[in-house]
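# Inside the fold
Now for the letters of each chain:
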Amino acid sequence: MVSTNDVKSGMALDLPDGLFQIIEHQHVKPGKGRAFVRMKLKNLNTGAVIDRTFRADENVPQAIIDRRDHQFLYRDHFGYHFMNLETYAQFALPEEDVGEAVNYITEGSTVMLSLYEDVPIGVELPASVLLQVTGAEPAVRGDRVSGATKPVTLETGLVVNAPLFITAGDRIKVDTRTGTYISRA
């Protein structure tokens, strides 16, 4: 248990509604009445964001989230298979649990998995990843406008806009937070 006066952004709470991460919190002391803490919480299972208000100095159950490096091995009809890099234990996650990370992980890549009571609840990616371009239309003569881009298809199936000089077979760096081209590798 942790007091609502001691909470910080990023902490996880195990509330009756589910497992939540604190996005932001604000301690409010009105001129009249009791103080309270207003929090914006993200449900770690569904991704929904809710606003919740607690009394000041109210105890709420804190959840301890363990983050460990795992290697992505392969994908099959059971889901996405990962291996713990410390114990070499393997397990599969369904595609809906992996979420948007499917666009950025390739066989052999390392990701950070969030575990609660040894059950995976989310995949955390690095800020950027290197991916190979599998499909890119050739630049048309005359398309020399400054900053011109074209859509390219990456090895994971993700389509991003990249500069005209990118061709199939190139490796590019992609921002995992926005899904945009950063540079050629």
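Above this note sits the structure.
Residues numbered from 1 in each chain as written. Predicted model: local features only at pLDDT ≥ 70, side-chain atom pairs only at ≥ 80, totals over all residues. Heavy atoms only, no water.

Now for the overall build of the protein. Helix and strand counts for the protein come out as one helix and 17 strands. The C-alpha atoms of the protein give 22 Å as radius of gyration, which overshoots the globular expectation for 185 residues (16 Å, by more than 25%). For the protein, the spread of C-alpha atoms along the principal axes amounts to about 70 × 45 × 25 Å. By residue count, 36% of the 185 residues in the protein fall in the buried class. Across the protein, contacts joining residues at least 24 apart in sequence account for 42% of those joining residues at least 6 apart. On the protein, the mean spot of the 19 positive side-chain charges and the mean spot of the 24 negative ones are 10 Å from each other. (Helix = DSSP H or I, 4+ residues; strand = E, 2+ residues; numbered from the N terminus. Rg over C-alpha atoms; globule rule 2.2 N^0.38 Å. Buried < 20%, exposed > 50% of the residue type's maximum accessible area, 1.4 Å probe, protein only. Contact = heavy atoms within 4.5 Å. Lys, Arg positive; Asp, Glu negative; His and termini not counted. Charge placed at Lys NZ, Arg CZ, Asp CG, Glu CD.)

Another aspect to go through is the environment of Pro138. Counting through the fold element by element, Pro138 comes out in the loop between β13 (128-136) and β14 (149-154). Distance in space between the C-alpha atoms of Pro138 and Leu13 is 51 Å, their sequence separation being 125 residues.

Here we come to the nonpolar core. By size, the foremost hydrophobic cluster in this structure holds 13 residues, and its most contacted members are Val133, Val152, Leu154, Val160, Ile166, Ile172 and Val174. Secondary structure elements with two or more residues in this core: β13, β14, β15 (159-163) and β16 (171-175). Among the elements that make up this core, the one with the highest residue count is β13 (three residues). In contact with Val160, other than residues within four places in its own chain, are Lys150, Pro151, Val152, Leu154, Ile172, Val174 and Gly179. By size, the runner-up hydrophobic cluster in this structure holds twelve residues, among which are Val7, Leu13, Leu15 and Ile22. (Core = buried A, V, L, I, M, F, W, Y, C linked by side-chain atoms within 4.5 Å.)

Bringing the sheet that holds strand β8 (residues 66-76) into the picture now. Strand order across the open sheet formed by five strands is β10-β9-β8-β11-β12, with antiparallel pairing between neighbours. Single-partner strands in this sheet number two, and they are β10 (90-93) and β12 (119-124). Strand-to-strand twist in this sheet, taken as the mean axis angle between neighbours without regard to direction, amounts to 45°. Bridge analysis of strand β11 (residues 110-116) against β12 gives five bridges, and the strand direction is antiparallel. Across the sheet, Ser114 pairs through a bridge with Gly122, a residue of β12. (Pairing = 2+ DSSP bridges. Axes fitted to C-alpha atoms, helices over the stretch in contact; angles between N-to-C directions.)

Pairing in this open sheet of five strands is antiparallel, and the strands run β15-β14-β13-β16-β17 from one edge to the other. Both outer strands of the open sheet, β15 and β17 (180-184), are each paired with one neighbouring strand and no more. Strand-to-strand, the axes of this sheet are offset by a mean angle of 55°, without reference to chain direction. As paired strands, β14 and β15 are joined by five bridges and run antiparallel to one another. Its bridge partner lying in β15, Pro151 is registered against Asn161.

On to the environment of Lys29, then. Mapping Lys29 onto the fold places it in the loop between β3 (18-28) and β4 (36-43). Relative accessible area serves as the criterion here: at 70%, Lys29 is assigned to the exposed category. Sequence separation between Lys29 and Ala56 is 27 residues, and the spatial gap between their C-alpha atoms is 9.0 Å.

Turning to the pattern of salt bridges, a few remarks are in order. Here the structure, examined in full by the defined rule, presents seven salt bridges. Put simply, Arg177 and Asp175 hold a salt bridge, and the shortest N to O gap is 3.2 Å. By relative accessible area, Asp175 is classed as buried at 12%. Several salt bridges share partner residues, and in doing so they unite Asp66, Arg68 and Asp118 into one network. (Salt bridge = Lys/Arg side-chain N within 4 Å of Asp/Glu carboxyl O.)

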